[in-house]
Amino acid sequence: MRRIFVATLLSCSFAAWAAPSSAAPAPAAAPALKTQQANQCQEISSLAQAIMAARQKGIPMPQVLETLKQSGAGNLYTPMQAIAQDAYSRPQPVAELDRQKAVQDFGNEAFASCTKAQQQQAQSKPKR
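Residues numbered from 1 in each chain as written. Predicted model: local features only at pLDDT ≥ 70, side-chain atom pairs only at ≥ 80, totals over all residues. Heavy atoms only, no water.

1. Points about the pattern of salt bridges
Think of it this way: side chains of opposite charge can pair up when their charged atoms draw near.
Reasoning step 1: Inspection of every chain in the model, using the stated rule, returns 3 salt bridges.
Reasoning step 2: Here R90 ties to D86 by a salt bridge, and the two come within 3.2 Å at their closest N and O atoms.
Reasoning step 3: Classification of D86 as partly exposed rests on a relative accessible area of 31%.
Reasoning step 4: Three or more residues joined by partner-sharing salt bridges are found here, namely D86, R90 and E109. (Salt bridge = Lys/Arg side-chain N within 4 Å of Asp/Glu carboxyl O. Buried < 20%, exposed > 50% of the residue type's maximum accessible area, 1.4 Å probe, protein only.)

The following block contains the structure:
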């Protein structure tokens with residue numbers, strides 16, 4: 001059962017990431033991020049989409065958190081825990097198209113929040 005869930009979580013993540021989006025594009029400030037930072041934000045966005053996809057499929061939050069813990073999310077586990085709490089606090093739409101939009105929008109929000117935090121962190125570092 002756990003293997004199926006991990007596979008589903010990962011496939012949802014990659015499917016949501018690869019799917020064309022009709023939602024708003026990533027913030028214009030994102031290209032200014034260093035490649036490593038942008039990659040981390042993309043990873044967070046993909047995991048956020050996978051979490052929301054699990055939410056939309058009715059998978060219990062404790063199961064999602066346990067899968068994240070065992071997946072090797074490592075330093076991303078704490079922010080993913082907060083993202084999971086946010087995802088599970090939102091309503092579960094009835095229509096499939098609305099569920100897909102909720103997944104995509106949630107991933108976009110996570111990416112935007114990550115890039116904003118990265119930029120604020122870069123601005124707050126003293127220049128030598």
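2. Notes on helix α3 (residues 61-70)
Reasoning step 1: Of the positions making up α3, those classed as buried are V64, L65, T67 and L68. The buried side chains of α3 occupy one side of the element, clustering within an arc of 160 degrees when seen end-on. In this structure, α3 carries P62 and K69 as exposed residues pointing more than 90 degrees from its buried face.
Reasoning step 2: Two residues or fewer past α3, G72 is found with a positive phi of approximately 85 degrees. (Helix = DSSP H or I, 4+ residues; strand = E, 2+ residues; numbered from the N terminus. Arc of directions from axis to C-beta.)

3. Observations regarding the packing of helix α2 (residues 35-56) against helix α5 (residues 96-124)
Reasoning step 1: It is at 8 Å that the axes of α2 and α5 come closest, and there the two elements cross at 150 degrees. Between α2 and α5, the crossing angle belongs to the class labelled roughly antiparallel. Taken as a pair, α2 and α5 cross one another with a handedness that is right-handed. Two secondary-structure elements touch here, α2 through Q37, A38, Q40, C41, Q42, I44, S45, A48, Q49, M52, A53 and Q56 and α5 through R99, A102, V103, Q104, F106, G107, N108, A110, F111, C114, T115 and Q118.
Reasoning step 2: Per-class residue counts for the contact of α2 with α5 are 12 nonpolar, 11 polar and 1 charged. (Axes fitted to C-alpha atoms, helices over the stretch in contact; angles between N-to-C directions. Parallel < 35°, antiparallel > 145°, perpendicular 65-115°, else oblique. Left-handed = near helix turned anticlockwise from the far one by under 90°. Contact = heavy atoms within 4.5 Å. Nonpolar A, V, L, I, M, F, W, Y, C, P; charged D, E, K, R; others polar.)

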